[in-house]
Number of protein chains: 4
Amino acid sequence: MSDSEWITELIKDTEHATMSDKQRKILEAAIDTFSEKGYSGSSTSEIAKKAGVAEGTIFRHYKTKKELLLAIVTPTVAKFVAPFFIKSFAKEVFENEYERYEDFLRVVAKNRLEFVRKQFPVLKIFIQEIAFHDELREPFQKLFADHVYEKFKRIIEHFQEKGEIISLPPQTIMRMTASSIIGYILPRFLLFSDMDWDDEKEIDQIVEFVMYGLSGRK
Amino acid sequence: MSDSEWITELIKDTEHATMSDKQRKILEAAIDTFSEKGYSGSSTSEIAKKAGVAEGTIFRHYKTKKELLLAIVTPTVAKFVAPFFIKSFAKEVFENEYERYEDFLRVVAKNRLEFVRKQFPVLKIFIQEIAFHDELREPFQKLFADHVYEKFKRIIEHFQEKGEIISLPPQTIMRMTASSIIGYILPRFLLFSDMDWDDEKEIDQIVEFVMYGLSGRK
Amino acid sequence: MSDSEWITELIKDTEHATMSDKQRKILEAAIDTFSEKGYSGSSTSEIAKKAGVAEGTIFRHYKTKKELLLAIVTPTVAKFVAPFFIKSFAKEVFENEYERYEDFLRVVAKNRLEFVRKQFPVLKIFIQEIAFHDELREPFQKLFADHVYEKFKRIIEHFQEKGEIISLPPQTIMRMTASSIIGYILPRFLLFSDMDWDDEKEIDQIVEFVMYGLSGRK
Amino acid sequence: MSDSEWITELIKDTEHATMSDKQRKILEAAIDTFSEKGYSGSSTSEIAKKAGVAEGTIFRHYKTKKELLLAIVTPTVAKFVAPFFIKSFAKEVFENEYERYEDFLRVVAKNRLEFVRKQFPVLKIFIQEIAFHDELREPFQKLFADHVYEKFKRIIEHFQEKGEIISLPPQTIMRMTASSIIGYILPRFLLFSDMDWDDEKEIDQIVEFVMYGLSGRK
DNA sequence: AATGAATGAGCCTTCATTCAT
DNA sequence: CATGAATGAAGGCTCATTCAT
């Protein structure tokens, strides 16, 4: 099974269609709880209570607590990186759909932000737990290294050749780009999620910053 | 007690001078364990074993497990922000010690990176746990809002007046600045800590990026 | 219902003819599992899996786990003692079919050993569990006291009157006879079942021993 | 460490001197419970209640439930076979302390019966559980094969050479001897422990039987 | 100050059993 | 009949914390 088939597979698993009502409730309760107290700080009995099912029911659907964690996190993260797997992703860049790095960036950022907005609790769990579970880290590290990074790298090199962006190592360019965006997302959802945010405008500013820095000279 | 006195107070607590040998060992073992498995995932008995003390001894020094967490995290985070409290911090900026925002940035960044290098395990615990413990979040949120943010804001406005940097909201400027640096630190220590890093050079690049962006135009 | 009718009744229950395919498989799986792990150490879900049926199916045929145990053990043990109920059993002894105690012994031993060979797993369950379940112990204790013991006693007295065997209490004679045979069967099947055994010859030796002891004098 | 040292070691473990009060009570409660309901049928919470300690206390002394089982059974079984390890055991036979096999038998039987009388609950647990736990079976199988069997074999051969007993394979002689004795012990303690038994006389009868059989001819 | 035995609540998981489909 | 999802009690075991020594 190729990686992109694997991604499709993973995602199917959470299509709510194939899930029983109880299973959906368990998942929701678990997301709530893990997100609020962390994986280790959450107890299966609490999740069961919140889901309105017996504790045994959780273990009928998920053999262990950890399997429940993976069932929550894996498909969502897969969905998050899925766009980087579709064929058109890089093609549109190379065939001049995007003339400039900043156009490309803006589209990707807005699109992924939309996703984050809907799935933040799950992504928060992922971020919190990736440090502690090899089962989480390894598949996504590989996925990222083999696909997302490779594809991004070629895109960056493409724009470097066009003279659009400076010739630092692609890895560095990526890190700067990514951290500018993540540096918006994290406070936006984690610390000040109750504030009013004009995401469109903020992203435009971030893209502007990524391209021309704080000095503002173009 | 003013905030700056409070900071000084906090820091004294971890001066190794005032600590018994056992206490130091407990702290070290706890840092190790919390850092590796998270707070909830660590057991006091494991920490005791690693520290080579009896289980009860931990509770003689720290009333509860959570108090142990705070004893680890609080003084280190206080030390991390301490420079922002000394009088000279902003004065040097306004009195033209730093002519340019980027000079100021470079100095602060290198200096704080040095600190992070030494204290990463503790800071990792802080990052992981801040989401779950009000006792951690609240004092530092306040500290940051009242002091670091305020001071930084005036510095940014200073350079905006000088026309050095664009006139986005100071909060946005700060976020972009900070996330660029944090976006280096986190992969640097969390994911690829075993690689060789030329921190000096990397920070120079980050500062360059923060000022002039990826287009590279000055 | 007389005891001998009851025995016949019991035995009919396991005639494989009257059983559905699933039921047979459940029984086989349960014998396997109980025999290997003991009654308490076996779970109904494991038995269901091994039998290839759903968990609920077991409980359609046997109201409780204990009923399943009895369904396994009772008819086999009944079959084991059944010969002692047929009319001819003692008659043949008294009407000089067997002139000597040892002839009688040899025939019974060989015949019952044949049965044990085929049914050892079930008998092992019986031996293991009889100590823990009144439902198992009581009917067979009664059965044994009322029939097997009584019949045996008269046979022993018969041979004692003929001067064939010494006049210890019949109970003692029985115990010595029985334990000599059981002392062969248990190691034979429990500990060294994979060795080659010449059952015919071994039984001849045991009978010899029971009659003339280790000194070998006749 | 040689086997006989190992035996000594094992036995020390249960010297009640080195045990705390609670530990002794846990052991007693566990013997009671295991003996009555079997290992799998007993719960640690029941044992704790019977011992008058908290459930956690059991696990402070014995890491797992199985370790508790071994702590009960191992030293007692070791004590049971210990006499077969002392040097004088066989020597007395060969140096004509025992002129006849039956004298030797009588002494050993009476002596070991005394032990069984005191320790039957533990030995019952051993008998019940040896079939299910490799940790129990393996060490004692080896112990028996290497020492008890070997020593016994030479004794039997000694008496065979003297013409005292018939020349069947020593293994067979042993089996017959042992099962005659065990065939007394098991009903004696397991089924009819509340009856009055004249052990002295019974053993004399058993020895008589082992030597001269039921025909009674000398 | 330090110990480590003791605690009992709580952990994750498995259990025998029920019942709607 | 057979299924397997659902149950909640009970399982073995670990936890943070206390306290007599």
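Residues numbered from 1 in each chain as written. Chains lettered and ligands numbered in written order. Predicted model: local features only at pLDDT ≥ 70, side-chain atom pairs only at ≥ 80, totals over all residues. Heavy atoms only, no water.

In the nomenclature of an unreviewed UniProt entry, chain A corresponds to TetR family transcriptional regulator from the organism Fictibacillus phosphorivorans.

Caption draft 1: The arrangement of the overall build of chain A in detail. For chain A, the count of helices and strands is ten helices and zero strands. Ordered by position from N to C terminus, the α and β elements of chain A give α-α-α-α-α-α-α-α-α-α. By principal-axis analysis of the C-alpha atoms, chain A measures approximately 60 × 45 × 30 Å. The contacts in chain A between residues at least 6 apart in sequence include a share of 68% that link residues at least 24 apart. With an accessible surface of roughly 10,900 Å², chain A has 52% of that area assigned to carbon and sulfur atoms. (Helix = DSSP H or I, 4+ residues; strand = E, 2+ residues; numbered from the N terminus. Contact = heavy atoms within 4.5 Å. Areas by Shrake-Rupley, 256 points an atom, 1.4 Å probe, with all protein chains shown as cover.)

Caption draft 2: Here's a closer look at the interface of chain A and chain B. With 39 residues of chain A at the contact, the number on the chain B side is 39 residues. Its largest share of buried area at the contact with chain B, chain A owes to Phe132(A), Arg175(A) and Leu214(A), together 22% of the area lost on that side. In this assembly, chain A and chain B are joined by two salt bridges. Linking chain A with chain B are ten residue pairs in polar contact (both at pLDDT 80 or more), by the criterion used here. The set of elements that each furnish at least two residues to the side of chain A that touches chain B consists of helix H2 (21-37), helix H7 (101-129), helix H9 (170-191) and helix H10 (199-212) of chain A. In terms of residues, the side of chain A that touches chain B owes the most to one element, H9(A), which gives ten residues. For the side of chain A that touches chain B, the residue count by class is 17 nonpolar, 14 polar and eight charged. (Buried area = accessible area lost by both parts, 1.4 Å probe. Salt bridge = Lys/Arg side-chain N within 4 Å of Asp/Glu carboxyl O. Polar contact = N/O pair within 3.5 Å; in protein donor to acceptor, adjacent residues only side chain to side chain. Nonpolar A, V, L, I, M, F, W, Y, C, P; charged D, E, K, R; others polar.)

Caption draft 3: Looking closely at the nonpolar core. Ranked by internal contacts, the top residues of the largest apolar core, which has 136 residues, are Leu68(A), Tyr101(A), Leu68(B) and Tyr101(B). It is H7(A) that provides the largest number of residues to this core, a total of 13 residues. Beyond its immediate chain neighbours, meaning those up to four positions away, Leu68(B) contacts Ile26(B), Leu27(B), Ala30(B), Phe34(B), Ile47(B), Ile58(B) and Tyr62(B). Of all hydrophobic cores here, the second largest spans 135 residues; its members include Met19(C), Val108(C), Val116(C) and Tyr101(D). (Core = buried A, V, L, I, M, F, W, Y, C linked by side-chain atoms within 4.5 Å. Buried < 20%, exposed > 50% of the residue type's maximum accessible area, 1.4 Å probe, protein only.)

Caption draft 4: Region of the structure containing the protein's contact with DNA strand F. Near DNA strand F there are 32 residues, and of these Thr57(A), His61(A), Thr44(B), Lys65(B) and Thr57(C) occur at the shortest range. Near the protein, meaning within 4 Å, the atoms of DNA strand F are sugar or phosphate in a fraction of 62%, with bases accounting for the rest. Take Arg60(A): an N or O atom from its side chain is 2.9 Å from a base nitrogen of DNA strand F. Going through the elements one at a time, helix H4 (55-61) of chain A, helix H4 (55-61) of chain B, helix H4 (55-61) of chain C together with helix H3 (44-51) and helix H4 (55-61) of chain D are the ones with two or more residues in the surface near DNA strand F. Residue composition of the surface near DNA strand F, grouped by class: six nonpolar, 17 polar and nine charged. (Near = heavy atom within 4 Å.)

Caption draft 5: Highlighting the UniProt feature "domain: HTH tetR-type" (unreviewed entry) in chain A. Mapped onto this numbering, the UniProt entry gives "domain: HTH tetR-type" (unreviewed entry) at residues 20-80 of chain A. Taken end to end, residues 20-80 of chain A is 79% helix and 0% strand, and its two terminal C-alpha atoms sit 24 Å from one another. (UniProt positions renumbered as here; feature names shortened; annotations may be inferred.)

Caption draft 6: Representation of the protein's contact with DNA strand E within the structure. Near DNA strand E there are 32 residues, and of these Lys65(A), Thr57(B), Thr44(C), Lys65(C) and Thr57(D) occur at the shortest range. Close to the protein, within 4 Å, the atoms of DNA strand E are drawn from sugar and phosphate at a rate of 60%. Measuring from a phosphate oxygen of DNA strand E, one finds a backbone N or O atom of Thr44(C) at 2.7 Å. Within the side chain of Arg60(D), a nitrogen or oxygen atom sits 2.9 Å from a base nitrogen of DNA strand E. When contributions to the surface near DNA strand E are tallied by element, the ones reaching two or more residues are helix H3 (44-51) and H4 of chain A, H4 of chain B, H4 of chain C together with H4 of chain D.

Caption draft 7: View of the packing of helix H5 (residues 65-81) of chain A against H7(A). Residues and elements named next belong to chain A. The contact between H5 and H7 brings their axes to 9 Å, and the two run at 140°. Here H7 runs oblique to H5, going by the angle between their axes. Along this stretch, H5 crosses H7, giving a crossing that reads as left-handed. Only Arg112, Phe115, Val116, Gln119, Val122, Leu123, Ile125, Phe126 and Glu129 of H7 make contact with H5, whose side of the interface consists of Leu69, Ile72, Val73, Thr76, Val77, Lys79 and Phe80. Split by residue class, the contact of H5 with H7 holds eleven nonpolar, two polar and three charged. (Axes fitted to C-alpha atoms, helices over the stretch in contact; angles between N-to-C directions. Parallel < 35°, antiparallel > 145°, perpendicular 65-115°, else oblique. Left-handed = near helix turned anticlockwise from the far one by under 90°.)

Caption draft 8: Up close: the relation of the copies chain A and chain B. Each copy superposes on the other: chain A lies on chain B with an RMSD of 0.1 Å after a rotation of 180° and an axial shift of 0.0 Å. With respect to symmetry, the two chain copies, as superposed, fit the operation of a two-fold axis. Considering only C-alpha atoms, the part of chain A nearest the rotation axis is Gly213(A), at 2.0 Å. Interface residue correspondence from chain A to chain B reaches 100%, placing this contact among same-surface, isologous pairings. (Least-squares fit on C-alpha atoms with pLDDT ≥ 70 in both.)

Caption draft 9: Highlighting a nonpolar patch on the surface. Residue and element names in this part refer to chain A. Side chains of Leu190, Leu191, Phe192 and Met195 sit close together on the surface and give an oily, nonpolar patch of about 330 Å² of accessible area. Among the structural elements, Leu191 can be located in helix H9. Accessibility expressed as a relative area gives 47% for Leu191, which makes it partly exposed. (Patch = residues over 30% accessible without salt bridge, like charges linked within 9 Å, V, L, I, M, F, W, Y side chains within 5 Å.)

Caption draft 10: Main features of the packing of helix H7 (residues 101-129) of chain D against helix H8 (residues 134-161) of chain D. Residues and elements named next belong to chain D. One way to put it is that H7 packs onto H8 with a least axis distance of 15 Å and a crossing angle of 170°. When the axes of H7 and H8 are compared, the pair comes out roughly antiparallel. Touching Tyr101, Phe104, Phe126 and Glu129 of H7 are Leu136, Phe140, Phe152, Ile155, Ile156 and Phe159, all from H8. For the contact of H7 with H8, a count of residues per class yields nine nonpolar, no polar and one charged.

Caption draft 11: Quick look at the UniProt feature "DNA-binding region" (unreviewed entry) in chain A. Within this numbering scheme, the UniProt entry marks residues 43-62 of chain A as carrying the feature "DNA-binding region" (unreviewed entry). With 75% helix and 0% strand, residues 43-62 of chain A has end C-alpha atoms that lie 14 Å from one another.

Caption draft 12: Looking closely at the packing of aromatic side chains. Applying the stated criterion across every chain, the model contains 50 aromatic pairs over all chains. A centroid spacing of 6.0 Å and a plane angle of 70° characterise the contact between Tyr98(A) and Phe104(A), whose relative ring orientation is edge-to-face. Just as Tyr98(A) is buried, Phe104(A) falls in that class too. Consider the rings of Tyr101(C) and Phe104(C), whose centres lie 6.1 Å apart with planes at 40°: the pair is tilted. (Phe/Tyr/Trp six-rings, centres within 6.5 Å; stacked < 30°, edge-to-face > 60°.)

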